[in-house]
Number of protein chains: 2
Amino acid sequence: MKNNHKIIDCTIRDGGLVNNWDFSVEFVQDLYNGLSAAGVEYMEIGYKNSPKLLNATEPNPWRFLDDDFLKEIIPEKKFTKLSALVDIGRVDPNDILPRAESVLDMIRVACYIREVDKGLELVNMFHNLGYETSLNIMALSSVPEHQLIEAFAMIENSPVDVVYIVDSFGSLDPDNIEYQIKKFQAMLPNKQLGIHTHNNLQLAFANTLTAMKNGVTFLDSSVYGMGRAAGNCHTELLVGYIQKTTYELKPILGVIEKHMLAMREKWEWGYIIPFMISGVLNEHPRVAMAYRNSDKRDNFVDFYDMVTTPEATLAATTKA
Amino acid sequence: MKNNHKIIDCTIRDGGLVNNWDFSVEFVQDLYNGLSAAGVEYMEIGYKNSPKLLNATEPNPWRFLDDDFLKEIIPEKKFTKLSALVDIGRVDPNDILPRAESVLDMIRVACYIREVDKGLELVNMFHNLGYETSLNIMALSSVPEHQLIEAFAMIENSPVDVVYIVDSFGSLDPDNIEYQIKKFQAMLPNKQLGIHTHNNLQLAFANTLTAMKNGVTFLDSSVYGMGRAAGNCHTELLVGYIQKTTYELKPILGVIEKHMLAMREKWEWGYIIPFMISGVLNEHPRVAMAYRNSDKRDNFVDFYDMVTTPEATLAATTKA
């Protein structure tokens, strides 16, 4: 197997969906230094959305990344490159410096299939500013085939560097992943591919290995799996398992030991039964997340009845 | 895919390695009823080793299964068949009733590769008494090829119904599993195969799916993954994910809700960093288990240094 793949650690960005980006500067710095020492190629340090466009009332440095702030907390870049994610309709072009003046190396654009045209407009802008770019098509498991084909036609002629297969609901298995990859490869032969998995069915690592084996280059993960709901593929599994001489597990273990155990006590992510159920049902975890924030959080049978009975779901989410 | 596979739930047997089989009768009954309602085909209710041969000083009903006791707690068999595991040199033939007089349907024999001859002697005895039988070859990931070939020659001519591929150290990935299966199938075309996985690398479910896809019939698992160290493939994932009309997830969720969350608070199993490390290193989890019982249980960097530096390992395990 060629070792041309790259890990993008999403602990801050996707993990921020768990704790509203309540990360200390010390943690982010320790993570950056740990990832660099471990040989992890990229760190996604947050979202570069606009606080104005999101009507934010409070500062949130990892959700609204600011170049001056980033230069302050990471005065010297080490091995690991930095990336940021943006959402359609939430980016102010005036916020984006040319890459030469920014600490960021890559900007990734998350979009649903119906917004691929808008996603590619952003990609063009970032590309022209000198950034590496990716387009991350979310909720892939529920995209109808004909929409995907239309999207591919647009993507093929864009300057985007990487196109992502995103298993937003954590509902895909290795066979599904392989099927998607072959389709993407056939229709986008000139693009590198990426994979972003969720761990609802404990398949995030296996799906990522399958992607790697099938030629996917960019592998998303999070330290100790920290990410929305069931979380992501674990960075420590990729770094520990992949045979690449530049990878070193120990610095990641240091980050887990120093920070992640306490964070996991405080915030919840990972293999938790309602998230498993939403994965089995190929559904967004939002209903399960609301349930976990209610008094009934451990009533798994009740939750299962609720999500497999449509009228009950509606009533429960309205209450939650 | 043909739906001729069978789940063997090992919660009591392998989970007992976590809590010294400290299971209440109520829990075992609830589990049996839940598995029956869920359509799980087999439940391994413990070990049928001899307390005399193990010099046991205390009673341990799930470690030393007794037919009279079993009939008392399960007066009426439901859907799920019952199995027991035995170890080489720990079984007293006088303890084994003919199947017609026993609650047990299947007796499985665990052995290391060097003891396959002795394992098959036990298999012969159980087979002649009317039981379904399996031979579970442990620590497969470190068995030299030539020993496996010798063992296969003996197994082929035995009456054993099922031969297991056991990933004792949780170190195998889906490709490794597929490779082993093809080898077993080629050399034992007349035997059904089984798979028993451990979850050190979060690959237990993926490995079990791979096995199923490749024609393995008997799938071991545990409710909520309860099993030694990193635990096993989760029964609720198999029952929830496999398309088989007779499977029903809800009864398993009921068992998890009523019992497993509290048990997981009390006893430790699952994805825990030192077990992940022993999986990456393809080593028995005993050093990691000892470490988790020491004051240094969360010192992952120290543990990593210890197990990757041979002389340090020796010193630490002697102290533990």
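Source: prediction; values computed, not measured. (Residues numbered from 1 in each chain as written. Chains lettered and ligands numbered in written order. Predicted model: local features only at pLDDT ≥ 70, side-chain atom pairs only at ≥ 80, totals over all residues. Heavy atoms only, no water.)

Asker: Whenever I open this one, the domain arrangement of chain A confuses me. Can you help?
Answerer: Accessible area lost during the coming together of the parts is what is often quoted as the interface size. For chain A, the assigned domains read domain 1 (6-266) and domain 2 (285-319). A straight line from the C-alpha centre of domain 1 of chain A to that of domain 2 of chain A covers 29 Å. (Domains from an automatic or database assignment.)

Asker: Hey, could you run me through the sheet that holds strand β5 (residues 132-137) of chain B in this one?
Answerer: Sheets are built from strands paired through backbone hydrogen bonds, the pairs being either parallel or antiparallel. Residue and element names in this part refer to chain B. An order of β1-β2-β3-β4-β5-β6-β7-β8 is seen for the 8 strands of this closed barrel, with the pairing classed as parallel. Averaged over neighbouring strand pairs, the angle between their axes works out to 25° when direction is ignored. Pairing analysis gives 5 bridges linking strand β6 (residues 162-166) to strand β7 (residues 192-196), with the strands arranged parallel. Bridge pairing in β7 links valine 162 to glutamine 192. (Pairing = 2+ DSSP bridges. Helix = DSSP H or I, 4+ residues; strand = E, 2+ residues; numbered from the N terminus. Axes fitted to C-alpha atoms, helices over the stretch in contact; angles between N-to-C directions.)

Asker: Hey, could you run me through the interface of chain B and chain A in this one?
Answerer: Listed by partner, the interface residues are 36 residues for chain B and 36 residues for chain A. Taking both sides of the interface into account, the surface hidden between chain B and chain A amounts to around 3300 Å²; carbon and sulfur atoms contribute 67%. Across the chain B-chain A interface, the total number found is 4 salt bridges. Between aspartate 175 of chain B and lysine 213 of chain A there is a salt bridge, with its nearest N and O atoms 2.8 Å apart. There are 16 residue pairs in polar contact (both at pLDDT 80 or more) connecting chain B and chain A. (Contact = heavy atoms within 4.5 Å. Buried area = accessible area lost by both parts, 1.4 Å probe. Salt bridge = Lys/Arg side-chain N within 4 Å of Asp/Glu carboxyl O. Polar contact = N/O pair within 3.5 Å; in protein donor to acceptor, adjacent residues only side chain to side chain.)

Asker: Hey, could you run me through the relation of the copies chain B and chain A in this one?
Answerer: Both copies of the chain are related by a screw-like operation: a rotation about an axis and a shift along it. For these two chains of identical sequence, chain B goes onto chain A by a turn of 180° and a shift of 0.0 Å along the axis, with RMSD 0.0 Å. These values place the two chain copies in the arrangement generated by a two-fold rotation axis. Here 100% of the interface residues in chain B have copies in chain A that are interface residues too; the copies meet face to matching face. (Least-squares fit on C-alpha atoms with pLDDT ≥ 70 in both.)

Asker: What exactly am I supposed to notice about the pattern of salt bridges here?
Answerer: Should their charged atoms come close, side chains of opposite charge can pair. Scanning the entire structure with this criterion turns up 42 salt bridges over all chains. Across the pair lysine 258 of chain A and glutamate 26 of chain A runs a salt bridge, and its minimum N-O distance is 3.2 Å. Of the two residues, lysine 258 of chain A is situated in helix α9 (residues 250-266) and glutamate 26 of chain A in helix α2 (residues 25-38); the sequence distance between them amounts to 232 residues. Between arginine 108 of chain B and glutamate 44 of chain B there is a salt bridge, with the nearest N and O atoms lying 2.5 Å from each other. On the criterion of sequence distance, the pair formed by arginine 108 of chain B in strand β4 (residues 106-111) and glutamate 44 of chain B in strand β2 (residues 42-47) is long-range, its members being 64 residues apart. Each of Arg13, Asp14, Glu44, Arg108 and Asp220 of chain A takes part in one network of salt bridges that share partners.

Asker: Is there a simple way to explain the packing of helix α6 (residues 174-187) of chain A against helix α7 (residues 204-213) of chain A in this structure?
Answerer: For any two helices packed against each other, one specifies the crossing angle of their axes together with the interaxial distance. Residue and element names in this part refer to chain A. Across the interface, α6 lies against α7 with an axial gap of 9 Å and an inter-helix angle of 35°. Crossing angle aside, the handedness with which α6 passes α7 is right-handed. Note on element contacts: α7 touches α6 through Ala206, Asn207, Thr210 and Ala211, opposite Pro174, Ile177, Glu178 and Ile181. For the contact of α6 with α7, the per-class residue count stands at 5 nonpolar, 2 polar and 1 charged. (Left-handed = near helix turned anticlockwise from the far one by under 90°. Nonpolar A, V, L, I, M, F, W, Y, C, P; charged D, E, K, R; others polar.)

Asker: What is the right way to look at the pairing of strand β4 (residues 106-111) of chain A in this model?
Answerer: The two faces of the sheet receive side chains in turn, since in a regular strand these alternate between them. Residues and elements named next belong to chain A. In terms of burial, β4 is a largely internal element, 6 of the 6 residues being buried. Residues Met106, Arg108 and Ala110 point to one face of β4 and Ile107, Val109 and Cys111 to the other, with burial holding for every one of them. By the bridge criterion, 5 bridges tie strand β3 (residues 81-87) to β4 in an arrangement that is parallel. Paired with alanine 84 across the strands is isoleucine 107, a residue of β4. Looking at chain direction, β4 and strand β5 (residues 132-137) are connected through 6 bridges and run parallel. Along β5, the bridge assignment pairs isoleucine 107 with threonine 133. (Buried < 20%, exposed > 50% of the residue type's maximum accessible area, 1.4 Å probe, protein only.)

Asker: Is there a simple way to explain the UniProt feature "domain: Pyruvate carboxyltransferase" (unreviewed entry) in chain A in this structure?
Answerer: Residues annotated in UniProt with the feature "domain: Pyruvate carboxyltransferase" (unreviewed entry) correspond here to residues 5-257 of chain A. End-to-end, the C-alpha atoms of residues 5-257 of chain A are 27 Å apart, and along that stretch the chain is 37% helix and 17% strand. (UniProt positions renumbered as here; feature names shortened; annotations may be inferred.)

Asker: Help me understand the pairing of β7 of chain B, please; the structure alone is not making it clear to me.
Answerer: Residues and elements named next belong to chain B. Extensive coverage of β7 is indicated by the burial of 4 of its 5 residues. A crossover connection joins β6 to the parallel β7 through helix α6 (residues 174-187); in handedness this β-α-β unit is right-handed. Of the pairings in the sheet, the one linking β7 to strand β8 (residues 218-221) comprises 2 bridges and is parallel in character. The residue bridging isoleucine 195 from the neighbouring strand is leucine 219, located in β8. Chirality of the crossover, the property in question, places the unit of β7, helix α7 (residues 204-213) and β8 among those that are right-handed. (Right-handed = clockwise from strand over helix to strand, strands pointing away.)

Asker: Quick question: what am I supposed to make of the packing of aromatic side chains here?
Answerer: For any two aromatic rings, the description comes down to two numbers: the centre-to-centre distance and the angle of the planes. Applying the stated criterion across every chain, the model contains 14 aromatic pairs over all chains. Seen in terms of ring centroids, phenylalanine 23 of chain B and phenylalanine 27 of chain B are 5.5 Å apart; in terms of plane orientation they differ by 20°. Their pairing is stacked. Given a relative accessible area of 7%, phenylalanine 23 of chain B falls into the buried group. Taking the ring centre of tyrosine 164 of chain A as reference, the NZ or CZ of arginine 108 of chain A above it sits at 4.7 Å. A cation over a ring is seen here: arginine 264 of chain B above tryptophan 269 of chain B, with NZ or CZ 5.6 Å from the ring centre. (Phe/Tyr/Trp six-rings, centres within 6.5 Å; stacked < 30°, edge-to-face > 60°. Lys NZ or Arg CZ within 6 Å of the ring centre and 35° of its normal.)

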